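Given next are the chains, with one letter for each unit.
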Amino acid sequence: MAAFDHDAIELKWQKRWDTDGIFHVTEDADRTKFYNVCMYPYPSGDIHMGHVRNYTYGDLLTRYKMMQGYNVLSPFGWDSFGLPAENAAIKTGIHPRVFTETQIERMTEQIKRLGAGYDWSREIASHRPSYYRWDQWLFLKLYERGLAYKRRSPVNWCPTDATVLANEQVVDGTCERCGSIVEKRDLSQWFFKITDYAQRLLDDLEGLDWPERVVVMQRNWIGRSEGAQFAMDVADSDLSFEVYTTRPDTVFGMTFAVLAPEHPIVPALIEGETVQTEAEVYIAAARAASEVERVAEGDKTGVFTGKYAVNPVNGALVPIYIADYVLMGYGTGAIMAVPGQDQRDWDFATKYGIDIIRTVQPPHEFDGQAYLGDGPAINSGFLDGLYMEAAKAAIIEWLESNGLGVGTVNYRLRDWLISRQRYWGCPIPMIECPECGYVAVPESDLPVIHPDIEDYAPRGQSPLATSPEFVNVACPRCGGPARRETDTMDTFVDSSWYFLRYTDPENSDLIFDPAKAAYWMALDQYIGGVEHAVLHLLYARFVTKVLHDMDLVEVEEPFSRLFTQGMIQMSGGKMSKSKGNVVGPDEFIADYGADALRLYHLFIGPPTDGAVWSDKGVEGTARFLDRVWRLATGEVGEPVERAETDADRSVLSAAHKTLDKVTGDIDRFVFNTAVAALMELTNAATAYAREGARRATLDEVLRLLLLMLSPMAPHMAHELWERLRFGSMLATESWPTPDPALLVDETVTMVIQVNGKVRDRIEVLADIGDAEAEERAMASPKVQGWLEGKQLRKVIVRAPNLVNLVVGE
RNA sequence: GCCGGGAUGGCGGAAUGGUAGACGCGACGGACUCAAAAUCCGUUGUCCGAAAGGACGUGUGGGUUCGAGUCCCACUCCCGGUACCA
């Protein structure tokens, strides 16, 4: 049994924080702001331990920064559009809005029970018209600026769910939810032109205080490469095609060229050739194949077109193949193939008996595969003898001065496909008129509201299309009959700017007041799961840059400092609903209290690492809190009034050293060692109290302990703070500063080593000199036994911590 | 394949190049109790030894250093990301 009634105490303080409004903030030019956000959750209905970990870290920081005097904004909201609500609607007939609001209500209750501090007056939910009208406004602004466009494109299609899937919902080529092999379909889709921002998105990664791996992931995702692009003419024809290469220095080694099966000139190229039928079969198979199948083949396949292309540098004729190892989606969808310097081309050439010409001299014996390293160019005409970089520069200059090609930069980043054929998302505010084409919904007509419909089942088009009242409208331009766009937006659009809406959540005239955004932005700390490393964090950076270019946001980067936490796993592996091993916080809060649960999340291990959940661990932190309670309530031993002794000074010094460590640990975002330090201090103080504490000393130790505990286990810390009459509201106290005089010890343990092995430890004065340290070391009887009959060759002194005596025969 | 991060007791994990294993969990022994729970005290890396003490010990093999879990080189395995990206 807990020694205190955690349930009553926790509810008491949660109510106090709420009625006192201590987390409610406004702009205050006189105070330094700190904007602290945990990624807003999808309202799935129940919070799990991953959420708890997230909000525990966030709240620790909110409270810590508040105590340090910052004006801390810590808001909360809901990423409340999305497929689960729609699936539930299909199954149960309950409207997704009703379903979602119910889930939000339930989760809000759970989150409040954790005691995390938020400014709830700023709560937002992306499914509410007051929010998503600004999604639509944002879409219109992107459209005005040429950053939103519609294009026919192959997309991921799940045959079982009868819907398109986002790339992130395709896991190893299968549908994340039902496991079906994902097909490709050509559909007309809306895109955001994120590729226009590729270079800025890459460059601005530099100044961010982000985990290195996230920066690397984004850099790879953007995938900048430098190379050359040039045209190749098809011999005996007026056709030609562009190729992109990062190795223009190897162009003399080109022995064939390859077109992607989807390349637009392919039909004209094979027209009337003897291989036409064979080629068409191959192309049809490639188009139909899923990504997995196409890659899983392993072996490279292709078809010779019967045509030849001209190598522009030497006029050589090279055979043109169609092969699915060349992708239409990257570069120009066509390549010059140089088997001597590219392993894929090598594999293809050896299979089909194509010539191989080496154009880089390997430094040593090298055979049986392509050579990718550096070396002097060979068999390369005027490039011979040049190393890779020089050869690249020379050939690009040659291509440019002869008007045959250009040096160019290519990105792997694709435009962001934002249309979804779903009901429960933000309607795209566009109207298709047979006369005028696509026409934007006038801003004054926003928001475009969802119609209530009967049947949410996906049938290959958005369920919105089944509502004639929604679909049929007058064209805003010519007034004639027109159709509304029925696709909705990717929910990543909603989440790409919600942190800006928090700065001015009630505004009904503007997406947000630029002055308010200017005060709060950028986020000083953003906390979330690493699964968003690329998608959300890249989209949000993009949208922030667009809004910056519209003069609405001063900063170019939304998230100054990012923390990505490791995942909580159960012993059976990753937590998931389907495995039935999801553990929620409720039962632990009921048994041990929110403070013990929070403390265990802090203590479980380094925040960046994943962790395996252990029920026993919560018992451990609960026991620790019990010990704090007994210490503070005098159960261990009542203190007395008396003069100060060495024992008193020693425990006070321990408290200040703990403060120094805890402060440093929190600043470094390492919480497990901070909790361990508080446990040590509590153990020391308990032993001290048991032997008869001096009242003034114990009070000071307790005062510091509770201040440090306040951001971690706020309920108990507040209760004890009040009971000990230290003050009425701990959360608004100042974070203490350690007394430097109490951080240094008078004496320290000096280690004496012989040949690097510890042979003795002695107490010495902290300010001992090198000479005296050596003298004391030599005087140690234990050490002398090890020196007997040996020659002292060297003495290393690191006073006052260590003396190492190096001896030999 | 490439990129990033790891490997320390029975377990989670601590250790600015200077006492390896803090703190916690578990386990064992004891106190309290009619008994149990809770709490408190003690022990807890391995091996040798009655003890004092000693030897060994941070994935593997080398190296640098008076001294290496920490730095360097080579490797093994694990986790995460990504992949015919020309």
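Criteria and thresholds
- Residues numbered from 1 in each chain as written.
- Chains lettered and ligands numbered in written order.
- Predicted model: local features only at pLDDT ≥ 70, side-chain atom pairs only at ≥ 80, totals over all residues.
- Heavy atoms only, no water.
- Helix = DSSP H or I, 4+ residues; strand = E, 2+ residues; numbered from the N terminus.
- Contact = heavy atoms within 4.5 Å.
- Lys, Arg positive; Asp, Glu negative; His and termini not counted.
- Charge placed at Lys NZ, Arg CZ, Asp CG, Glu CD.
- Buried < 20%, exposed > 50% of the residue type's maximum accessible area, 1.4 Å probe, protein only.
- Pairing = 2+ DSSP bridges.
- Salt bridge = Lys/Arg side-chain N within 4 Å of Asp/Glu carboxyl O.
- Axes fitted to C-alpha atoms, helices over the stretch in contact; angles between N-to-C directions.
- Near = heavy atom within 4 Å.
- Polar contact = N/O pair within 3.5 Å; in protein donor to acceptor, adjacent residues only side chain to side chain.
- Nonpolar A, V, L, I, M, F, W, Y, C, P; charged D, E, K, R; others polar.
- Disulfide = S-S within 2.5 Å.
- Parallel < 35°, antiparallel > 145°, perpendicular 65-115°, else oblique.

Before going further, it helps to examine the overall build of chain A. A count of helices and strands for chain A gives 27 helices and 32 strands. In terms of overall dimensions, chain A has C-alpha extents of about 105 × 85 × 50 Å along its principal axes. Considering only contacts within chain A whose residues lie at least 6 apart along the sequence, 72% involve residues at least 24 apart. Counting 79 positive and 118 negative side-chain charges, chain A places the averaged centre of each group 4 Å from the other.

The next thing to look at is the pairing of strand S1 (residues 33–38). With 6 of 6 residues buried, S1 is to be regarded as a mostly interior element. On S1, burial covers both faces: Lys33, Tyr35 and Val37 on one face and Phe34, Asn36 and Cys38 on the other are all buried. As defined by bridge partners, S1 adjoins strand S24 (residues 525–529) across 3 bridges and the pair is classed as parallel. Its bridge partner being in S24, cysteine 38 is matched across the sheet by isoleucine 527.

Charged atoms that come close allow side chains of opposite charge to pair. Per the stated rule, a full pass over the model turns up 43 salt bridges. Notably, a salt bridge pairs arginine 200 with glutamate 556, separated by 2.8 Å at the nearest N-O pair. With a gap of 356 residues between them, arginine 200 in helix H6 (residues 198–203) and glutamate 556 in the loop between helix H17 (535–549) and strand S25 (562–565) connect regions that are remote in the sequence. Residue class for glutamate 556 comes out partly exposed when judged on its relative accessible area of 29%. Linking arginine 561 and aspartate 209 is a salt bridge whose minimum nitrogen-to-oxygen distance equals 3.5 Å. Here arginine 561, found in the loop between H17 and S25, pairs with aspartate 209, found in the loop between H6 and helix H7 (212–222); they are 352 residues apart in sequence, far enough to count as distant.

The 4 strands are arranged S13-S14-S12-S15 in an open sheet whose pairing can be described as mixed. The open sheet terminates on both sides in strands that have one partner only, identified here as strand S13 (302–310) and strand S15 (334–337). The sheet shows a mean angle of 25 degrees between the axes of neighbouring strands, direction not considered.

Mapped onto the elements of the fold, tyrosine 132 is located in helix H5 (residues 129–144). In this structure the C-alpha to C-alpha distance between tyrosine 132 and glycine 425, which are 293 residues apart in sequence, comes to 9.0 Å. Discounting residues that sit within four places of it in the chain, tyrosine 132 has contacts with Phe81, Ser126, His127, Cys426, Pro427, Pro447, Val448, Ile449 and His450.

So, about the protein's contact with RNA strand B. Not every one of the 45 residues close to RNA strand B is listed here, only the nearest: Thr246, Lys300, Tyr330, Arg344 and Asn804. Atoms of RNA strand B within 4 Å of the protein belong to the sugar or the phosphate in 64% of instances, the rest to bases. Contact distances for RNA strand B include 2.4 Å between a phosphate oxygen and a side-chain N or O atom of tyrosine 330. Between a sugar or linking oxygen of RNA strand B and a main-chain N or O atom of isoleucine 604, the distance comes to 2.8 Å. Of all the elements in the fold, those that place two or more residues in the surface near RNA strand B are H7, strand S11 (240–245), helix H20 (615–632), helix H22 (672–690), strand S29 (747–754), strand S30 (757–765), strand S31 (791–798) and strand S32 (802–808). Examining the composition of the surface near RNA strand B, we find that 7 residues originate from one element, H22, more than from any other. A breakdown of the residues in the surface near RNA strand B according to their chemical character gives 19 nonpolar, 8 polar and 18 charged.

Our focus in this paragraph is the state of the cysteines. Applying the stated criterion to the full structure yields 0 disulfides. Looking at the unpaired cysteine 433, the closest cysteine sulfur is the one in cysteine 475, lying at 3.6 Å. With no disulfide of its own, cysteine 436 lies closest to cysteine 478 among cysteine sulfurs, the gap being 3.7 Å.

Right, let's get into the sheet that holds S31. As summarised here, the arrangement of the 4 strands in space is S30-S29-S32-S31, forming an open sheet in which the pairing is mixed. Every interior strand has two partners, whereas the edge strands, S30 and S31, have only one. The average undirected angle you get between the axes of adjacent strands in this sheet is 20 degrees. In terms of strand pairing, S31 meets S32 through 7 bridges, oriented antiparallel. Looking at the pairing, valine 795 lines up with leucine 805 of S32.

Looking now at the packing of helix H19 (residues 594–603) against H22. Where H19 meets H22, the closest approach of the two axes is 7 Å, and the angle between their N-to-C directions is 120 degrees. The angle between H19 and H22 falls in the class oblique. In this structure, H19 uses Leu599, Leu602 and Phe603 to contact H22, whose residues at the interface are Asn672, Val675, Ala676 and Met679. Counted by class, the contact of H19 with H22 contains 6 nonpolar, 1 polar and no charged residues.

So, about the environment of aspartate 7. Within the secondary structure, aspartate 7 sits in helix H1 (residues 6–20). Side chain to side chain, aspartate 7 and arginine 113 meet in a polar contact 2.8 Å long.

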